[in-house]
Every structure is written in C-alpha cells, then in structure tokens.
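Listed below, chain by chain, are the residues.
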Amino acid sequence: MIAYLLNLATLATVFGILAASLNLLIGYAGIFSIAHAVFFGIGAYTGAQLAILFIPDVLLACLAGGVLAGALSLCLALPALRVRGEYFVAASLGLQMMAVTLFSEAHSLTGGHGGLVGIPMPTLFGIDISEPATFLVFCLLVLGGVLLAIRMLMRGSFGRALMAIRDSESAAEAFGKDVPRLKTLAVGLGCTLAGVAGALFAFYMAFVNVESFTLEQSILVMAMVIIGGTATLAGPLVGVLLLLLLPAALSFLPFIPPTQIGAVQQLIYGGAMTLLMIFRPAGLAGQSTGRR
Amino acid sequence: MLFLQLLFNGIQTGAIYALTAAGFALIFGATRIFHVAHGASFALAGYAFLMCSQAGLPWPVGCLAALAVAVAFGLGMDAFIYRPIQRHEGSFFTVFVAAFGMTIVVQSLIEIGFGRGFAVVPSALTMAKEVMPGLYLANIFWVAVGVAVVLFAIVGLFLERTRAGIGLRALSENPELLRAYGLSSRKLSALAFGLGSALTVPGAVLTAVTSGLQPAISAQVMLISLASAVVGGIGSLRGAALAGLLLGVVENLVISVLDTQWSSAAGFVVLFIFILFKPSGLFGQAVTR
Amino acid sequence: MLDRRSLLATTLAAGAASLAAPRILRAQEGAYVVGTLFPMAGPNAEYGTIFTNGIQLAAEHLRAEGMLKRPVEIRAQDSLATPQGGAVGMTKLANVDKASYVMLGFTGVSKAAAPIGTRSKVMMINGGGVGPDLANLSPYFWNVIPLVNQEVQVLLPWLKQQNLSRIALIYVDDPLGNGILQQLKDGLPGAGGSLVGSFSIPPATQQFAAIAARVRDTRPDAVYFASYGAQQAQIIKQLRDNGVSQQILTYSAGSIPSVVGLPESDGLVFTSQASDWSAPDPLTQRFVTDWRARYNSDPTSYNQNYYNAMRLFGLLAQGLEKADKPVTGENLREELLRVRRFPMVGGEGSFEDQGTMSMPMQINRIQGGSFQKIA
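The rules behind these values
- Residues numbered from 1 in each chain as written.
- Chains lettered and ligands numbered in written order.
- Predicted model: local features only at pLDDT ≥ 70, side-chain atom pairs only at ≥ 80, totals over all residues.
- Heavy atoms only, no water.
- UniProt positions renumbered as here; feature names shortened; annotations may be inferred.
- Contact = heavy atoms within 4.5 Å.
- Buried area = accessible area lost by both parts, 1.4 Å probe.
- Salt bridge = Lys/Arg side-chain N within 4 Å of Asp/Glu carboxyl O.
- Helix = DSSP H or I, 4+ residues; strand = E, 2+ residues; numbered from the N terminus.
- Patch = residues over 30% accessible without salt bridge, like charges linked within 9 Å, V, L, I, M, F, W, Y side chains within 5 Å.
- Areas by Shrake-Rupley, 256 points an atom, 1.4 Å probe, with all protein chains shown as cover.
- Pairing = 2+ DSSP bridges.
- Axes fitted to C-alpha atoms, helices over the stretch in contact; angles between N-to-C directions.
- Parallel < 35°, antiparallel > 145°, perpendicular 65-115°, else oblique.
- Left-handed = near helix turned anticlockwise from the far one by under 90°.
- Nonpolar A, V, L, I, M, F, W, Y, C, P; charged D, E, K, R; others polar.
- Core = buried A, V, L, I, M, F, W, Y, C linked by side-chain atoms within 4.5 Å.
- Buried < 20%, exposed > 50% of the residue type's maximum accessible area, 1.4 Å probe, protein only.
- Domains from an automatic or database assignment.
- Expected span 1.5 Å × (residues − 1).

An unreviewed UniProt entry annotates chain C as Amino acid ABC transporter substrate-binding protein of Teichococcus oryzae. Recorded in UniProt under Sequence similarities (unreviewed entry), the annotation for chain C is "Belongs to the leucine-binding protein family."

Per an unreviewed UniProt entry, chain A is named Branched-chain amino acid ABC transporter permease, and its organism is Teichococcus oryzae. What UniProt states about chain A under its Subcellular location (unreviewed entry) heading is, verbatim, "Cell membrane".

Caption draft 1: The interface of chain B and chain C, seen in detail. On the chain C side, the residues contacting the 31 residues of chain B number 31 residues. Summed over both partners, the interface of chain B with chain C comes to about 2,600 Å²; 51% of that surface belongs to carbon and sulfur atoms. In this assembly, chain B and chain C are joined by 0 salt bridges. For the side of chain B that touches chain C, the elements supplying multiple residues, two or more each, are α1 (2-31), α10 (217-232) and α11 (237-253) of chain B. It is α1(B) that provides the largest number of residues to the side of chain B that touches chain C, a total of 6 residues.

Caption draft 2: The arrangement of a nonpolar patch on the surface in detail. Taken together, the side chains of Ile52(A), Leu53(A), Phe54(A), Ile55(A), Leu60(A) and Leu63(A) make up a nonpolar region of the molecular surface, amounting to roughly 600 Å² of accessible area. Looking at the nonpolar patch, the elements that each hand over two or more residues are α2 (36-53) and α3 (58-72) of chain A.

Caption draft 3: Inspection of the pattern of salt bridges at higher detail. Residue and element names in this part refer to chain C. Within the structure shown, the criterion is met by 14 salt bridges over all chains. Two residues, Glu 348 and Arg 341, come together in a salt bridge whose shortest N-O distance is 2.6 Å. Here the salt bridges do not stand alone but share partners, grouping Glu 65, Arg 286 and Arg 311 into one network.

Caption draft 4: Main features of the sheet that holds strand β11 (residues 341-344) of chain C. Residue and element names in this part refer to chain C. Sheet architecture is open: 3 strands sit in the order β11-β12-β13, paired in antiparallel fashion. For this open sheet the edge positions go to β11 and β13 (357-358), each flanked by a neighbour on one side alone. Where β11 and strand β12 (residues 347-351) come together, 4 bridges link them in antiparallel fashion. What sits directly across from Pro 343, in β12, is Glu 348. Contacts between helix α11 (residues 301-322) and the sheet are confined to β11 and β12, with β11 contributing the most and set at about 125 degrees to the helix.

Caption draft 5: Representation of the packing of α1(B) against helix α7 (residues 209-217) of chain C. Relative to each other, α1(B) and α7(C) sit at 165 degrees, their axes nearing to 9 Å. Relative to α7(C), α1(B) is oriented roughly antiparallel. Handedness of the α1(B)/α7(C) crossing: right-handed. On α7(C), the residues touching Leu2(B), Gln5(B), Leu6(B) and Asn9(B) of α1(B) are Ala209(C), Ala210(C), Ala213(C), Arg214(C), Arg216(C) and Asp217(C). Across the contact of α1(B) with α7(C), the residue classes tally to 5 nonpolar, 2 polar and 3 charged.

Caption draft 6: Layout of the nonpolar core. Counting 325 residues, the largest nonpolar core has Tyr224(C), Met310(C) and Phe313(C) as the members making the most contacts within it. Ranked by residues supplied to this core, first place goes to helix α10 (residues 179-205) of chain A with 16 residues. Each of two domains, domain 1 (12-146 + 281-359) and domain 2 (148-273 + 362-373) of chain C, supplies a minimum of three residues to this core. Contact partners of Tyr224(C), with chain neighbours within four places excluded, come to Val152(C), Leu155(C), Ile167(C), Ala168(C), Leu169(C), Ile170(C), Ile180(C), Leu184(C), Leu249(C), Thr250(C) and Tyr251(C).

Caption draft 7: Examining the sheet that holds strand β1 (residues 32-38) of chain C more closely. All names here are of chain C. Spatially, β2-β1-β3-β4-β5 is the arrangement adopted by the 5 strands of the open sheet, whose pairing is parallel. Of all the strands in the sheet, just β2 (72-78) and β5 (141-143) have a single pairing partner and so form its edges. Pairs of neighbouring strands in the sheet enclose a mean axial angle of 25 degrees, with direction left out of account. Along the sheet face, helix α2 (residues 45-65) touches β1, β2 and β3 (101-104) and points at about 160 degrees away from the line of β1. Across the sheet, helix α12 (residues 329-339) is in contact with β3, β4 (123-126) and β5; its angle to β4 comes to roughly 55 degrees.

Caption draft 8: Spotlight on helix α5 (residues 85-105) of chain A. Taking 1.5 Å as the rise per residue, α5(A) with 21 residues should run 30 Å; its terminal C-alpha atoms sit 31 Å apart, in good agreement. With 18 of 21 residues buried, α5(A) lies mostly within the body of the structure.

See below:
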C-alpha cells in the first residue's frame, strides 16, 4: 500500500508541475492552450531517448526535455500572437491533433504507438535514485522549485506585465509593453516547464507512448487548472489532487460491478467537472466572485 | 478515378460535417457559448435512432425520437449548465470544462446503457454500386447531399424571413438593442440551442447507418464542428457549412497523396493554416487581436 | 489498512451471481489474490467482458473441485487498453493488491505492464494480445495464446491453395499491426503471393470509405485487416459498402461477437487457435457444457484462453501447496518451469522458453452469424 501511495504521490507531483506550467499560460497570460500535452510529450520523448541512448541522468533529461519543448513552443507562440480567445483555442487544438499524428508516425523518434520501452532507472550525478521514495523527493524538489520560480516571476514586473496583457491587451500596449515578446516568453516558459514534467514522467512510467500525450490529456490538465483555480499558486495543485485521486479513490468503491468500473468512474469524473464549474466557477482555490 | 471516388466520398462526409458544424455555429453566433457538448447531442440523437430501429419502429419515428432527444439535451444544457455558469460570470474556459464534463457523462451513460461496442443500423441504402468504372456510389450519398441542401435552404429561409430568425442573427451583434425591441434574449438563446441541436440529427442518423456509432463518437464530432466553425469564420453559418464540406473533402482527398494515417489530422492542418494566415475564416468578420 | 478496505472485486466464493450484487467484503485471511488488467471501458471494453467471463467460469470450477486450500480472490483493474492504463493498473495490482498472478491482454498494455510486474516479481499471463513482441518479454511474462506469427504462417498455404495472391493490408499502426505487416511482407513471396498495398490507420479512426477506395485501386485478390475492438466491424462494413467485394481476412481478434454477428462479415476468414468443442477430454467437455448452459452460445478462443489462464493458476498453486511452498510470483514461475506441460481446455498446453505456448491452429469462416472451421 505504501508503495502504491508513493507511486500516486509521484504521479501527482509530476502533474503538479505540468498543471502549474499550464497555469502560467491560462491563468497569468490568458493564453488558453489545449495543446499542453504536446510539450509534455516532447519533454517525455526527449528525456526517454536521452536516458536510453546516453545516460539516465534525471537532471540532464529534465534540461534537455525542457529546452526542446521550450524551443518548439514557437509553434504555439505563433498563433498566440495572431489570434485570441476561441480562435486560439482552435489553433492549439489543431496543433494538438497534428502533433499526435506526428508522434505516432515518427517511429524512429517516438516508437509510434508501440512507444519507447526499457527506459533505464533514473540516476542523479551517477547516484541511483530509482527508489520510489527517493524519486518522489526529487520530483517534489522540482515542483517546489517551479512553484517558487512562478511565484517570484509573477510578483515581479514580468508577471504584472503579463497580467496586464491578460486583462486588456490594448491597454497594455498603450502603456508601452512589448506584447509579442512578453507573450512569446510566457509561452516559452510554460512549455519548458511542461517539458521538464514530461522528462520526469518518462522516468516514472519507464515507458512512454503517444497515448499519454493526446487531446484527452491536454483537456485533463486544463481541467485541473480550471477546477483548482486559475492564476493562483495552489489552484493547479488542488486540481491535480482532485482529478488524479478521484479516479483512484473511485476504484476502491465497493458497489460498482467490475465490468462497469470504467464507465462509472468516467461518469462521476465528468459529473464532478460540470458541477464544480456550476458551483465554483472560479475554481476551488479561486476567489468565489469569479474573475473575468 | 481514385481522385473522383475520394472526392465523392469527401462530399458525403462533408455534408454530414456541414450540418453538424452549422448547428454549432448557429449556437455560437447567437449565444457566444462554445458549445463543446454539441457532440453529445449528436451521440444521443444517434443512439436514440438506434434504439428505435432496434425496437422495430419505422425510421421516421426513429428520426423524430432522435430529434426530440437532441433538442431536449441542447435546451437542457442551456438551461441547467450554461445559464447558471454565466450568472456567475464564469470565464470562457469554465463553460468549456463544464460542457466537456457533460460530454464525458453522456459518453459513459451510453456505455452503460448500450455497451461499448460499435453499433450500426443496417440499411440497404449504404451498399455502393458501380456507377462508372471504378466509381462506386451508394444511394445514401444522394440522401446525405439532398438532406443537407434542403435543410440549409430551410434554415436559411428561417433566418432571413422570420422575426425569430432575424432576432437570432441580431442577438450576436447587439443583445442590448434586441431587448429594447422587446425580444427576449433568453427565449432566443433557447431557440438557438434547439435549432442548433436539431441540426445534429441528420448527421447522427446518417452516421448510424453508414460508419456506425460508438460511445466515443461525441468527441470526434465536437472536434470537427469546432474546426469547421473556426475555418468558416466563427459565427457564420454559411462559413461553417462550407468549411465542414471542405474538411470532409480534404480528409478524403489527402489519402490519395499522403499516408492513410494523415486522414484524420488533415482537417486540423487546414485549421491551423487558416488560423495562421486567414484567421477571420472563410466568411468571418475581421478578428481583432 | 488492507483488510479494512472494502474490495472492488468480488470473491469467487460468491460466484458469478455476486457480480450483479457485489457486496462489501474484507480480504479473507490468506486468500490468494489474482489480478486482472483488461479494458473495462471504451471501444475495447467488449474484450474485457469476454476475458473476464472465461476467468470466472474457471474460478468457479476451481472452487467446485476444491482444488486449493485457500479461496481465490480476483481484483480487477481497468487497463483502458492503453499502455498508460496498463502501467498504472499493474502498479496497483502489484503494490496495493499484492497480486502474485495477473492476467492481462493487449499488446500495448502488456508491453507497458511487463517491466513493472517483473520488478515486483508478479507472474503475468496473456491470453489476448498476439503481437510478436510478446515473446521473450520478461521471465515473468507467459502467453497462453499463440502469437500472430503462428496465425499468419497457417494462413499462407491456404491463400496459395485458394489462388489468392495479391493481398492488400489495412493495419493499425501499433506493435501488433506492424508485426502482422512484417509477417506478411516476409511470408507472402514464399507462398507465391505479394503484398500489393499496406495502409496504416490510427487506432481510433472510424471512417474507412477513402481507404476502401485506395484498397480497390490496388486490385487485390484478398484484403487482410489487422485491428481490434470496435474498429473491426467498421472496417468490414465500410469495405463492403464501398465496393470491396474481395475475400476479407483477419486474425483471431475477429472472433468477437460484434464481428461474427455483423451481416457484412459473411464469408470473412480468420485464423485462430484450434478450438474443437467436441473434443472428448473431460476438461473441454465440462467447459463447453457449462459455457453453453450459462451463455447459450459457444465459447470463443478468448474465453478458452482466459479459462486456461485461470486454470493454470489453480494447477500451479496446487503444486506449490503440495510442496508446502508459499504461493508467490517467484514460486509460481518456478513451478511452471518445472512442470511445463499442463492439461488444458482444447488439449495439452506446453510452454516454450520464449514465454510462448504452441497450439494447433485453424482457419475459420464466418457464415450466417457464426463461424466454422474450414481448414
């Protein structure tokens, strides 16, 4: 049981990083991306390939995954600079669908649907950290670092400028803010962190394939952020705990016939999403008045 | 000949997409709600039709049942989900998540009720005959195209000529003005949801007899509607319909040059290109950044 | 914590009836925990039900025979038929449920779950996935189903004999589909045939009219498709609707009711392991009789395989009980390596070093909603 809880905690930590990074886009910069799983995936594939081909060092994998995801975030920044609102949502949707096809077609890089198997145990500077508890501690440290960085950035001038753009782009422009640069930076930063989460995810699963980076995953992460509460530090974490632990807890319910577990889990999960949005539209950790 | 065949396949797929996307665009145009549960209306309509035909009822009864279910679901979403959220000034994404949650709920209910397999309503109309060497067409092709043309004519007339239709079109432009003229925006938004959801019915019934239904179909329909609505220019009924047709054709034609894998992604490539280079879509007003 | 926890899965002691009315149960003192990792929701859930039914019948038989000293408890996890679902579910079965023996299916799920099970020394038995990669996957991973290379090998001579030389392939782009592609590419020339076209599809695609057009364009004598779940019926129907009148071929995944019952499937030919329900041995007879009594239809090879998988657990655990050894994954594996040959439904099963099991194969044709052996 302890091993299972450790496992769940590690998964929650990885998703915590992912949700926090998406919050940077959705919450602070007002960029409603539903392509976040793409960058999570790029990080995961990069980390996995690095570990398989060269060295299973977590830190290196995180760096490589983050850098590549950050670089490719230009694909998302481009439409973000041109359109907003529903149009951007649709653009990110298009990106997500194209990326899934690319992920499943580029066999030599991603292993296609068969995925990359045999990702070695993680090490850190040559020290084995594959023990679940050790790995969890490492992931928690990364999460802590990410949250700290976001907090500091968002309290600084960068964060204030971003939020100004979010609330009114034209006003921010009038005040002399370099909107395109700020937006590109925000997208780059958010996607880099998603890449870091991806690299950790690859080590955690010891297996990656395209199914972890689909539209459903993007929407799950988005739901985590929205349900938890956008533009708050704790919000995404609350969302992660709720949406990851809910299905886990549901599978312990005694009165569901085993053949219907899946459907009933999904039913409750979907229902909870809807009800939460009706009764707590600003998210669990958000102010109850609802923002924007 | 392969090209011609794929083009005709594309038109058939596109006709279904066009109707569904037009429903989505109608709802969005009138209410500014991104109705992602539109796919769920489609799935419910399809399964209602399936249930009736399995019960041995004649197909017009099945279609009516499908219509009733889809419209009821659309109205219910408007009244019980979207309206309460909008009362709290929920953001665009709050609506998105809530509607997506309902899509999941509908999908799992269908799974519990109908099993998770694939379901099809057998029909003699779907069997293709060789009309020209190498070109196979089924009667369902003419049905799909005919239904789409007739329905678009009716909806067009309704929007142009009736007071309610004109109100619907005005709603998106200036809700305040409408109120001043004594039209209830609440009633009009219900009308938009009813009409928009009704437009999923022909697509759902045609899909039930051709490629078949499965519980997860709602997500796919939602994606196509969304993509068509954007490519067509958000809020433009005509644009969404044309874009739906375009996506259907592209999805099929792309197979003649690219690996078959790219078929389902092709529509989204078109979507992405449109957003980068012509974000206002086919018929949209210029978008402000 | 463990014993206070209410259980998802029903104990077998309660029998199948408890499925309809599950009760809160406490883990029985010392019950053997056996896990299942099948898709229970989504387009592949049909398999989850089929697999579980076989296991339940076998478990009831184990109990009726009084084969084991302790009760057996089955815990189910939903694999969603995806590698991710497999990895998560396997972790839970190994770490929370402490299952020593897990039955699973699907090539992608198995590949993801195997490293986790191996780490925790859990015996894993596959009776559904047939991707060629499932051989030599792990010392703890065993197949009670012949893998697809065996299926293709049986089909090739039949194709030659029927003068079907130009074959077009539609395959899901995953380890299973790619395995079949490789087998056909390598095998067809030797059998006097050729692969005239191969069309890969994503696992969730539903529209095949365009693919049908391309298939027709290659002028094949027969069309082989390699898919699974709900997609199969759509492929068949849409091929037929869109003017592909040629012989359609597939592998054992085509034995599920949604394919066999489809009117368009008439004439479809698929390979599977041999299932001779009239075999005289008492094991097969009891299986078939009880199956017919309960489900009013003939069992499929999946039912048979998972029945065998569960039965295998009974036999292995019985051996360990006799030798006074604890029933752990490690010991179960040793016992399997020691005995190797087991009496099973459909004949004796013998395990090879690659983790595979050879079985006689057969070719079936679907006719009027059921299938018959034709070779």
